[in-house]
Amino acid sequence: MKTKIVTKSTKSDVAIFLLTGISDLNGFKTLGEKVKKDILKGIKMDDWKFEEGKVKLFSFYDKDIKHGVVASLGKIKDLTCEKIRKTTASAIKKGIEFKPEKVSLFIPEIKGFDAGEAVKSAVEGAILSSYSFDRHKNKKSDKIGELFINTVNNNKKVTEAVKEGVVLAECTNIARDLVNEPSNVIYPETLAKEAVKLSKKYGFTAEIFEEKEIEKLKMESFLAVARAAEKRPRLIVLKYMGNPSNKEVTALVGKGLTYDTGGLALKPATGMVTMKCDMGGSAAVIGAISAIAAMKLKVNVISVVAACENSIGGNAYRNGDIIGSMAGKTIEVLNTDAEGRLTLIDAVTYSIKKLKATKIVDIATLTGAVMVALGNTVTGVVSNNDKFFKQLEKASGSSGEQIWRLPNYPEYSEMLKSEIADLRNIGKNRLAGTITAGLFVGEFVENKPWLHLDIAGTSWRDAPESYNQAGGTGAGVRLLYHLMKNQ
Ligand code: BES
Ligand code: ZN
Ligand code: ZN
């Protein structure tokens, strides 16, 4: 979908009007007086009360606009960016029924609400909700060809906001594509190729390490997980240095299990079927660095992915094995299905030892337990640093990606102690599974400010809702982008 800001009336198959009240119509200079009158008439006839999220179709006879969708943003005092995204998504869904090629989106200036934020949110809602994953289908879904953005003012702030909204939505869609592609299409080698392609498109560097080099780095924990799979592992290292004179470097470490069978602790078929999604963390860090580079943020970021498949075979690592790690710590593997953390720790150590990362964020589809605790609309967070967590909370507000911090009391770390190695890869029982998984990774961050994001719930939807379709949601892309922007 092409998106552009327009300054005069544009022929469109569907026009969407986001409104907090009828007076908003006056601000739309690209809109003809007759259409304004028709909308007003319809609104009055319907005794329209501008309830939040309400959407209505209008038919009128206009030379430029074939169909209209009026969408109510509700009361200004209750309005949030997320509500703008959601209302725009509802309106797009209504409008798309007409199979439009050209869609005009009218965004009002809202009293007391930042104009840039409003425009950005509407653009995000529109692009995110018109996504579909139909590459492998012969019958394609209906797509919008062009999106015309009509704003009240086209100042620099608004233009930048449109650009940011487009970039963030497109990079989220990139992450969705990566997650939605099955494991016979996206495996470590092809995931690395996609990352290289994106590095050229958006302007960051990509370095890909093959198995021999990974062995030289002594990433024993990562290699243990990767061992049985036909598809060989890759270490993907992406760099964007937007502020080279600053020593601060944030590592975004994404779990990149292109498929998780559970290993010898094999998952049942029903639990395995969606496990192509187990590289959702890597999709997030690849999408985020793309957006950060596209918007030329003045920050230093590295995205690191230890990409592999957790498979079975005679040479697979086993329940009960003791393995090493790049950091030198030994690990008693009590469950081969708790594999993500084993790949993450070597990627974290690599970021600190080789790339001199000063802050660590890891993001992973790590535990089923996070879904039990928080459902699929909230990402679970574990952190060792209040200030860093506050910045994430702010990013959550800007992106609409909801988070909740879990406690990290020493009792939880106790649960990871092994009798015969330095650490166990799971707790002694199933209690507090999300926290112990996070704290296991935390054992490797060398006291650097650290955030652990468990997106097992939020990176995937079984059914569509709001601006997410069924499948990958692209969780983490916008959250990480805003975290870096706020640095
Ligand atoms: N990839 C899974 C977690 C997961 C579950 C992601 C459902 C998305 C949806 C992870 O590797 C896993 O299997 N975790 C185990 C840990 C357990 C063995 C301690 C789990 O959550 O059951
Ligand atoms: Zn697993
Ligand atoms: Zn996994």
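The notes below deal with the structure included here. Owing to the predicted nature of the structure, the values given are computational and were not obtained by experimental measurement.

Reading the values: rules and limits
Residues numbered from 1 in each chain as written. Chains lettered and ligands numbered in written order. Predicted model: local features only at pLDDT ≥ 70, side-chain atom pairs only at ≥ 80, totals over all residues. Heavy atoms only, no water. Donors = N, O, S within 2.8 Å, 3.2 Å for Na, K, Ca; no water. Tetrahedral: all angles 85-135°; square planar, octahedral: opposite > 155°, others 65-115°. Buried < 20%, exposed > 50% of the residue type's maximum accessible area, 1.4 Å probe, protein only. Helix = DSSP H or I, 4+ residues; strand = E, 2+ residues; numbered from the N terminus. Lys, Arg positive; Asp, Glu negative; His and termini not counted. Salt bridge = Lys/Arg side-chain N within 4 Å of Asp/Glu carboxyl O. Contact = heavy atoms within 4.5 Å. Near = heavy atom within 4 Å. Polar contact = N/O pair within 3.5 Å; in protein donor to acceptor, adjacent residues only side chain to side chain. Areas by Shrake-Rupley, 256 points an atom, 1.4 Å probe, with all protein chains shown as cover. 1 Å grid on protein atoms, 1.4 Å probe; cavity = no way out; pocket = protein on both sides within 12 Å on 5 of 7 lines; lining within 4 Å. Sits in = over half its atoms within 2 Å of the grid points. Nonpolar A, V, L, I, M, F, W, Y, C, P; charged D, E, K, R; others polar. Pairing = 2+ DSSP bridges. Axes fitted to C-alpha atoms, helices over the stretch in contact; angles between N-to-C directions.

### As for the coordination of the zinc ion (ligand 2)
Every protein donor of the zinc ion (ligand 2) is listed here as Asp260 (OD), Asp337 (O), Asp337 (OD) and Glu339 (OE), and their distances to the metal cover 2.0 to 2.2 Å. In this structure, the zinc ion (ligand 2) is surrounded by 6 donor atoms whose angles at the metal cover 71 to 167°, and the resulting shape is irregular. Assessed through its relative accessible area of 3%, Asp260 is described here as buried.

### Looking at the side chain of Lys276
Within the secondary structure layout, Lys276 lies in the loop between helix H8 (269-272) and helix H9 (280-294). One buried charged side chain, Lys276, makes no salt bridge at all; its nearest oppositely charged neighbour is Glu181, positioned 7.1 Å away. Here Lys276 is in contact with Val179, Asn180, Glu181, Pro182, Ser183, Thr258, Tyr259 and Trp460, once residues within four sequence places are set aside.

### A short note on the site of ligand 1
Taken together, 16 residues are adjacent to ligand 1, and Lys267, Asp278, Asp337, Glu339 and Gly368 come closest. The separation between an oxygen atom of ligand 1 and a polar side-chain atom of Lys255 is 3.2 Å. In the model, an oxygen atom of ligand 1 is placed 2.7 Å from a nitrogen or oxygen of the Gly368 main chain. For ligand 1, the protein covers 77% of the area, taking 520 Å² as the surface of the free molecule. Applying the majority rule of atoms within 2 Å of the grid points places ligand 1 in the largest pocket. Per-class residue counts for the shell around ligand 1 are 5 nonpolar, 4 polar and 7 charged.

### A few points about the side chain of Asp64
Turning to its location among the elements, Asp64 is positioned in the loop between strand S3 (55-59) and strand S4 (65-72). Among the polar contacts listed, one links the side chain of Asp64 to the side chain of Ser9, at a separation of 2.4 Å. With residues up to four places along the chain from it excluded, the contact list for Asp64 reads Ser9, Thr10, Lys11 and Ser12.

### A look at the sheet that holds S4
Whenever strands of a sheet pair, they do so through backbone hydrogen bonds, lying parallel or antiparallel. Ordered by their spatial adjacency, 6 strands build an open sheet running S1-S6-S5-S2-S4-S3, and the pairing between neighbours is mixed. The open sheet has two edge strands with one neighbour each: strand S1 (2-5) and S3. Mean inter-strand twist for the sheet, computed between neighbouring axes without regard to direction, equals 20°.

Read these as spatial facts, not as claims about activity.
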